[in-house]
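For reference, the chains in residue letters:
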Amino acid sequence: MTRKLLTRRSALTGLVGAGGGLLLSGCERIVQIPGMLGMLESAEKLSQRGQRLVLGSSTPLAREYTRAEISRNFKANGTTRPSGEDYARLSMSGFADYRLKIDGLVMRPLDLSLDEIRNMPSRSQITRHDCVEGWSAIGEWTGVPLSQLLQMAGVQPNARYIVFHCADNLGGQGLYYESIDLVDAFHPQTIMAYAMNGAALPIPHGAPLRLRVERQLGYKMAKYVMRIEAVDSFATLGRGRGGFWEDLGYEWYAGI
Ligand SMILES: Nc1nc2c(c(=O)[nH]1)N[C@H]1C(S)=C(S)[C@@H](COP(=O)(O)O)O[C@H]1N2
Ligand SMILES: [Mo]
């Protein structure tokens, strides 16, 4: 077996095998799965990172719940209203003047209003939010898949991470920010949410737009997102560890 094939297989068994239904023990098993051979053949033509993108879209979904399971009290944590005049002005107009900027390593930088975002294809999901502080809550989130926004902007081949720049300065430590890799960025449950439990996203939960990246802990889910930036490294942001809490010692990959 060539080294290239080995690398590819370990990526497959790691990602697809974790899905539960598809337990793979060898190359033979892989090719028995309908559609998999075609996927392998086309994946072969892609770069290593391109493969991760293709495979990433088949990685496991976080569990989704029913409406009856939605928490009556969903705690708001961290910043519950960004300070400063800019945010106050935006919120007073019901975010009519809000613009989401998408830039960095993209082919077509974007500047979108909330209406433009709401008119894009949307996804709703009822998921459980787990905070490192030890509480959980179930809520329904509606928003545009991040993949839609990124496809519109056209991520450049050298991009490796997606960074979310927020409006709030938490505890005087600087503006909140977060980053995720492209596998999570293109995951079907990764959305920029503008609604919670069927109503406009409340200010304490991140209005007008917050990230939901359902396979990670709460601190990854940036609220009050003003700008999405594609980067090849986050070394120059903050203290260089990829996020507000990461800069204070938390793990960058906060998988649950
Ligand atoms: N901009 C911003 N995003 C943030 C935070 C914050 O303080 N500011 N707190 C994080 C933490 S620790 C958690 S648990 C969740 C809380 O989201 P919620 O307020 O909707 O419960 O948001 C995360 N995203
Ligand atoms: Mo949290």
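Residues numbered from 1 in each chain as written. Chains lettered and ligands numbered in written order. Predicted model: local features only at pLDDT ≥ 70, side-chain atom pairs only at ≥ 80, totals over all residues. Heavy atoms only, no water.

Novice: Would you mind going over the site of ligand 1 in detail, with residue names and values included?
Specialist: Taken together, 22 residues lie near ligand 1, and Lys75, Asn77, Asp168, His205 and Lys223 sit nearest. Here an oxygen atom of ligand 1 sits 2.7 Å away from a polar atom, N or O, in the side chain of histidine 205. At a separation of 2.6 Å, an oxygen atom of ligand 1 approaches a polar side-chain atom of lysine 223. Burial of ligand 1 by the surrounding chains reaches 99%, relative to a free accessible area of 530 Å². Among the detected pockets, ligand 1 sits in the largest pocket. Here the residues of the shell around ligand 1 are counted per class, giving 12 nonpolar, six polar and four charged. (Near = heavy atom within 4 Å. Polar contact = N/O pair within 3.5 Å; in protein donor to acceptor, adjacent residues only side chain to side chain. Areas by Shrake-Rupley, 256 points an atom, 1.4 Å probe, with all protein chains shown as cover. 1 Å grid on protein atoms, 1.4 Å probe; cavity = no way out; pocket = protein on both sides within 12 Å on 5 of 7 lines; lining within 4 Å. Sits in = over half its atoms within 2 Å of the grid points. Nonpolar A, V, L, I, M, F, W, Y, C, P; charged D, E, K, R; others polar.)

Novice: Residue-level account of the sheet that holds strand β6 (residues 175-181), with values.
Specialist: Taken together, the five strands give an open sheet; going across it, the order is β2-β1-β10-β5-β6, and neighbouring strands pair in mixed fashion. At either end of the open sheet lies a strand with only one pairing partner, and these are β2 (110-113) and β6. This sheet shows a mean twist of 20° between the axes of neighbouring strands, independent of strand direction. As paired strands, strand β1 (residues 99-104) and β2 are joined by four bridges and run antiparallel to one another. By the bridge assignment for β2, isoleucine 102 is matched with leucine 110. On top of the sheet, helix α7 (residues 146-153) reaches β1, β2, β5 (161-169), β6 and β10 (225-231); it is set at about 135° to β2, its chief contact. (Pairing = 2+ DSSP bridges. Helix = DSSP H or I, 4+ residues; strand = E, 2+ residues; numbered from the N terminus. Axes fitted to C-alpha atoms, helices over the stretch in contact; angles between N-to-C directions. Contact = heavy atoms within 4.5 Å.)

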